[in-house]
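# Descriptive structure summary
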Amino acid sequence: MHSSDLRALDSAHHLHPFTDFKALGEEGSRIVTHAEGVYIHDSEGHRILDGMAGLWCVNLGYGRAELVEAATAQLHELPYYNNFFKTTHPPAVKLAEKLCQLAPAHINHVFFTGSGSEANDTVLRMVRRYWALKGKPDKQWIISRENAYHGSTVAGMSLGGMAPMHAQGGPLVPAISHVRQPYWFGEGRDQSPEAFGRTCAEAIEARILELGEDNVAAFIAEPVQGAGGAIMPPASYWPAVKEVLAKYDILLVVDEVICGFGRLGEWFGSQHYDLEPDLMPIAKGLSSGYLPIGGVLVGDRVAETLIEEGGEFFHGFTYSGHPVCAAVALKNLEIMQAEGVVERVRDDLGPYLAERWMSLAEHPLVGEVRSLGLMGALELVADKTSRARFDKRLAAGNLCRDICFASGLVMRSVGDTMIIAPPLTITHHEIDELVSLARRALDETAARLAH
Ligand code: PLP
């Protein structure tokens, strides 16, 4: 089928996620046809460096034959069976074991889901169930952060702190409260980063006291807030947050959907920040995005209570631990281990990207550059000296994103924050190409904004 026909059919019938349907109708969509390594190809013959690893998920890169073979073999062997009513199958069992080997020592159980959103729904129910079983049914409030993304189901978006999402689709799940995010560049520049990190932790404590210290069940956050803008917290933040949570006996939920599986140079982002989460929702990089699968890694404290005192947990999904998805996820983790992917991000690719990416700090359009592991962000500013933002109506970030795309790089914009999170298999040469494409796009964005 010709690409213009595909575009027309797409506009006629397909409601895309997170998209202005009407605007898409006018512009049409880019049709991605195939991909290899870190590059995607479209129906017009363009090759584009995927600086976002799909949606932060294609950690091993595109075109890994071993993953295709694992899926095919499992489809032949057992394409589906469930994990309900005392049945299971080898891929789910082996994947559970592998995950618990890779996770921090206090985590020895996993509950499978089909996605990250379902994982966060599961978290919400587990957390409240845990406290009910502990005889503290008033511990229901969950504290999350403004601008956080934890998924698109009703529970996921309620846990998340994205105002435009909250404004659509009716009442949110009750007893979820949002505190400020440790976004120093955007919100904390009247203090030093370290002081601001502590201020944000104090805001959590203040909210706990406001809600009643016996009423707060858990705090949920990503190690680095991803979709919110690749926001690496000041070094003071996590140690201070840990202290507050310990003081009031509040569970820590660390959403590893983006940061897990090597993105920050450790198997889990929690390990980078020395966190001991009670629960870790996972998805995305678990299967390198080849098939949909998620889960919740459950620490001993919660698992023991659910197992010993819980009776039946009335929760689960048809595709919890789907055998084909689990087989692909297992193979994905085995390859990552065999190839030392995580260690390479930590010791080689992460530092290499950081050095190249940081060179963009000199650009007149850039007010701050951040980088950790294979995640990076650029803050676009109208004035380099004062670091004042552009007028929102200029949509400078979207302009830069579109220029990037047209010139062969996927770089995402969140407002005027530009983000990258390439496949973890990217080479030095490809990192050089990514940074040089980004630099050229910044030049062109600056030129276009000047007119
Ligand atoms: N949690 C985080 C931190 C995410 O970034 C996402 C998706 O981007 C989710 C949860 C939801 O995952 P899914 O889209 O698989 O439902």
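Residues numbered from 1 in each chain as written. Predicted model: local features only at pLDDT ≥ 70, side-chain atom pairs only at ≥ 80, totals over all residues.

Next up on the list: the pairing of strand β2 (residues 39-42). The side chains of a regular strand alternate between the sheet's two faces. One ladder, built from four bridges, connects strand β1 (residues 32-36) with β2; its direction is antiparallel. When the bridges of β2 are listed, Ala35 appears paired with Ile40. The turn linking β1 back onto β2 is made up of two residues, and Gly37 within it adopts a positive phi angle of 60°. One ladder, built from three bridges, connects β2 with strand β3 (residues 47-50); its direction is antiparallel. (Pairing = 2+ DSSP bridges. Helix = DSSP H or I, 4+ residues; strand = E, 2+ residues; numbered from the N terminus.)

Here the focus is the site of the ligand. In the vicinity of the ligand lie 17 residues, with Ser115, Gly116, Ser117, Gly151 and Val257 positioned nearest. A total of three residues in the shell around the ligand trace back to one element, the largest contributor, which is helix α6 (residues 116-133). Considered class by class, the residues forming the shell around the ligand number six nonpolar, nine polar and two charged. (Near = placed C-beta within 6 Å. Nonpolar A, V, L, I, M, F, W, Y, C, P; charged D, E, K, R; others polar.)

Once that is clear, we can look at the domain arrangement of the protein chain. Once the domains are mapped, the protein chain shows domain 1 (31-63 + 340-450) and domain 2 (66-338). The C-alpha centroid of domain 2 is placed 26 Å from the C-alpha centroid of domain 1. Tallying the contact residues gives 25 residues for domain 1 and 23 residues for domain 2. Where the side of domain 1 that touches domain 2 is concerned, the elements lending two or more residues are α3 (53-56), α15 (341-358), β11 (366-372), β12 (375-380) and β15 (417-420). Per-element accounting of the side of domain 1 that touches domain 2 gives the leading share, five residues, to α15. (Domains from an automatic or database assignment. Contact = placed C-beta atoms within 7 Å.)

A few words on the packing of helix α5 (residues 90-102) against helix α14 (residues 323-338). For any two helices packed against each other, the geometry comes down to the angle between their axes and how far apart the axes lie. Contact geometry for α5 and α14: axes closest at 8 Å, N-to-C directions at 35°. Where α5 crosses over α14, the two elements pack in a sense that is left-handed. Here Pro91, Ala92, Lys94, Leu95, Lys98 and Leu102 of α5 lie close against α14, whose contacting residues are Pro323, Ala326, Ala327, Ala329, Leu330 and Leu333. Considered class by class, the residues forming the contact of α5 with α14 number ten nonpolar, no polar and two charged. (Axes fitted to C-alpha atoms, helices over the stretch in contact; angles between N-to-C directions. Left-handed = near helix turned anticlockwise from the far one by under 90°.)

Positive phi, normally seen in glycine, also occurs at Trp56, with a value near 60°. Among the structural elements, Trp56 can be located in helix α3.

What follows deals with helix α16 (residues 396-406). Taken together, the buried positions of α16 are occupied by Ala396, Gly397, Cys400, Arg401, Ile403 and Cys404. All buried residues of α16 project into a common sector of 165° when viewed along the axis, lining one side. Along α16, the residues that are exposed and aim more than 90 degrees away from the buried face are Asn398 and Ala406. Those residues of α16 that are buried lie in contact with β12, β13 (409-410), β14 (412-414), β15 and α17 (428-450). (Buried ≥ 20, exposed ≤ 12 C-beta atoms within 10 Å, placed from the backbone. Arc of directions from axis to C-beta.)

Considering the arrangement of structural elements, one finds Ala446 in helix α17. Look at Ala446 and you get partly exposed, because 16 C-beta atoms sit within 10 Å. When the C-alpha atoms of Ala446 and Ala396 are compared, they prove to be 9.0 Å apart, with 50 residues separating the residues in sequence. Residues in contact with Ala446, not counting those within four places in the same chain, are Pro364 and Leu365.

Let's shift gears to the sheet that holds β15. Sheet strands pair via backbone hydrogen bonds, and the direction of the pair is either parallel or antiparallel. The four strands lie next to each other as β11-β12-β15-β14, forming an open sheet whose pairing is antiparallel. Two strands lie at the open edges of the sheet, namely β11 and β14, each paired on one side alone. Here the average twist between neighbouring strands, direction ignored, is 20°. Judged from the six bridges that link them, β11 and β12 form a sheet pairing that is antiparallel. Counted as the bridge partner of Val366 is Leu380 from β12. Those strands touched by α15 are β11 and β12, and its axis lies near 175° from that of β11.

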